[in-house]
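Fold and contact review
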Amino acid sequence: MKGHILFINPNPRLEDQFGIFKKLSNVIPPLGVAYIGAVLEKNGFTCSFIDGGIVKDWIKKIGCQLKQKDVLAVYITSTSMAFGMAIRAAKAIKAIDKRIPVVVGGAHISELPNDLLSCEEIDYGVVGEGEMPGLQIANALAKGDRELKGISGLVWRNNGGVIVEPLACLTSLDDLPLPAWHLFSGWRNYSHSPIHVKRQPSAHLVTSRYCPMGCKFCTTEVSRKSYRAMSPERVIDQLKAMQRQFCIKDVRFFDDSFTLNKKRTIAICDTMLKEGIDISWACLTRVDCVDKELLTLMKKAGCWQILIGPQSGDERILKEMKTGFSKNDVYSAVETAHSVGLSIRADYIIGYPGETVDSIEATYKFACELNTDLAEFNIFVPYPGTPVYFEIKDKGELIHEDYTKYTTVATSRKDFRPYTPPGISSEQLISYFFKFHKQYYLRPRYISSILVSSIRNGFIQNLIKCAPLLFATFKKN
Ligand code: B12
Ligand code: SF4
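Just so it is clear, the model here is predicted, and its values are computed rather than measured. (Residues numbered from 1 in each chain as written. Chains lettered and ligands numbered in written order. Predicted model: local features only at pLDDT ≥ 70, side-chain atom pairs only at ≥ 80, totals over all residues.)

Moving on, we come to helix H2 (residues 31–42). For H2, with 12 residues, the first-to-last C-alpha span of 17 Å sits near the 16 Å given by 1.5 Å per residue. Within H2, nine of the 12 residues are buried, which leaves it mostly tucked inside the rest of the structure. Among all positions of H2, only Gly32, Val33, Ala34, Tyr35, Ile36, Gly37, Ala38, Val39 and Leu40 are buried. Positive backbone phi, at 95°, marks Gly44, one or two positions downstream of H2. (Helix = DSSP H or I, 4+ residues; strand = E, 2+ residues; numbered from the N terminus. Expected span 1.5 Å × (residues − 1). Buried ≥ 20, exposed ≤ 12 C-beta atoms within 10 Å, placed from the backbone.)

Laid out in structure tokens, this is it:
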């Protein structure tokens, strides 16, 4: 045996992540851990995982694991929002045993590698994809090497600064082993809200990496600058393995845009149909990456919902965001998806730089016109590393860098946003957030259309389960 790697997901509290929607939210495992874990296991290492999302008092559990297992290194995965908790975890590890190397990867350190310097208990960072660097680090540590360098994507301290080693992207995602899902000790410990999935048990998959579309508010750096996708055959292999191992009946494809490559999507759907794969599924996509032919086939192959981001009801703001599509593209995609009987979840942003009260109201009006099955009005967050983050920072308009508050949902009425557009206050944005969600879901037009669409989609049971929670959420707020 070469050594044991302990993975940690330092999840923030549900309330901090999802605010008023915490009871309707999903607690799902980080797939990156399963991919890195699979590569490590294939190469002779053993792995275990503490998920702060499901384990109570998870920081205390770290001590137990460190005592029980001879741990070679601890690998922490972290978004920006979770970075504060990642630091707490690193401090807890070093308080138990200073010699255990702590490595942090994931979205935050990939965007801001200099943040390695914010915590001396974190020994190394990894920028971008972690499968190969994760293995190279473990191999080096297993050989007793403690001064790591020369590993692709590695971030290490040097003369008071950091060195980021050049990245090497995975060329073929098909070469990756199947994710080590067993580290999640069965998907049943996780929960998908019935409002988001059609059947249980449900799981999520990411079958491609990177999105080349360049919306200014989006972080796509983690997958590094070149779109790569698994072959349709490999996607089907994963679906079958999930069915076999965990009786999964429903999958959410969390690719940045699942339908970016139309030919691949068609081949996936055709194979699902040919092989009679009984899985209901949903996917993230863009309004300009779907058409009637594709959506009809997707529906036939088990797709029940698409998740799109119309973002704004003001053309000027769409241009500012560099989304690359217009309101007309959105109208057309929504009409087509509805005509083929697909459910639609639409995400909007309020409070983007340049917004006025009028543009925010226009977004709400646009959402009501589109009348999608789900609509989320997210308060804009300048995620570190995005083009808009640097613009705001350069102008001195970033209010704070307390990343624990970098969430798109209002967590309380006294929420302290990292950014508000000139002339609009934090309180105003929060009050729009509550008002829009409440008004949207209580419109008679919405209520009648969701009933019809849920009956048509076989979603009515889920709606019945969620309706009391939805009403309670909106009544209270
Ligand atoms: C699924 C998902 C979720 C799920 C589950 C999150 C989870 N537990 O994984 C849910 C819905 C719960 C969620 C919630 C949120 N999410 Co989210 N999510 C995603 C999504 C769409 C896919 C993640 C995924 O599985 N990727 C595939 C795997 C293979 O990639 P990966 O996770 O990046 O891991 C690779 C590398 O990062 C690296 N790596 C990761 N960890 C480690 C650790 C080590 C030691 C090493 C060496 C390497 C390494 O190696 C991995 C394999 O190559 C990504 C977008 C994306 N395309 O990645 C956004 C994304 C991660 N989320 C994001 C955000 C903002 C959020 C929220 C803050 C949203 C909100 N409420 O406002 C919350 C915060 C959640 C949290 N706990 O911190 C941002 C993060 C931006 C940032 N700077 O932090 C992303 C990048 C979306 C975006 N484009 O902006 N999210
Ligand atoms: S299309 Fe989606 S994933 Fe791609 S850059 Fe825009 S917001 Fe990000």
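Continuing now.
Close to ligand 2 lie Cys211, Met213, Gly214, Cys215, Cys218, Thr220, Asp256, Ser257, Arg286 and Gly309. Here the shell around ligand 2 is composed, by residue class, of four nonpolar, four polar and two charged. (Near = placed C-beta within 6 Å. Nonpolar A, V, L, I, M, F, W, Y, C, P; charged D, E, K, R; others polar.)

Assignment of secondary structure puts Arg157 in strand S6 (residues 154–158). The spacing of Arg157 and Glu401 is 244 residues in sequence and 22 Å in space, taken between C-alpha atoms. Dropping the residues within four chain positions of it, Arg157 is found in contact with Leu116 and Val162. (Contact = placed C-beta atoms within 7 Å.)

Taking 1.5 Å as the rise per residue, helix H6 (residues 131–142) with 12 residues should run 16 Å; its terminal C-alpha atoms sit 17 Å apart, in good agreement. Those residues of H6 not exposed but buried are Pro133, Gly134, Ile137, Ala138 and Leu141. Buried residues along H6 cover an arc of 135° about the axis, so they all sit on one side. At its buried positions, H6 is contacted by strand S1 (4–9), H2, strand S3 (71–77), strand S4 (102–105), strand S5 (124–126) and S6. (Arc of directions from axis to C-beta.)

By the element assignment, Gln439 lies in helix H14 (residues 426–441). Judged by the 14 C-beta atoms lying within 10 Å of it, Gln439 falls in the partly exposed class. Remark: the alpha-carbon pair of Gln439 and Cys368, spanning 71 residues in sequence, is separated by 9.6 Å.

Time to look at unusual backbone geometry. Gln200 connects to Pro201 through a cis peptide bond whose omega is -5°. Take Pro201: it is sitting in the loop between strand S7 (161–164) and strand S8 (202–205). Unusually for a residue other than glycine, Tyr210 sits at a positive phi of about 80°. Within the secondary structure, Tyr210 sits in the loop between strand S9 (208–209) and strand S10 (228–229). In this model, Lys322 sits at a positive phi of 55°, which is unusual for a non-glycine residue. Residue classification places Lys322 among the partly exposed residues on the basis of 14 C-beta atoms within 10 Å.

Domains assigned within the chain are domain 1 (4–164) and domain 2 (191–476). Between domain 1 and domain 2, the residue contacts involve 26 residues of the former and 25 residues of the latter. If you list the elements that add at least two residues to the side of domain 1 that touches domain 2, you get helix H1 (14–18), helix H4 (83–96) and helix H5 (107–111). Looking at the side of domain 1 that touches domain 2, its residues break down into 12 nonpolar, nine polar and five charged. (Domains from an automatic or database assignment.)

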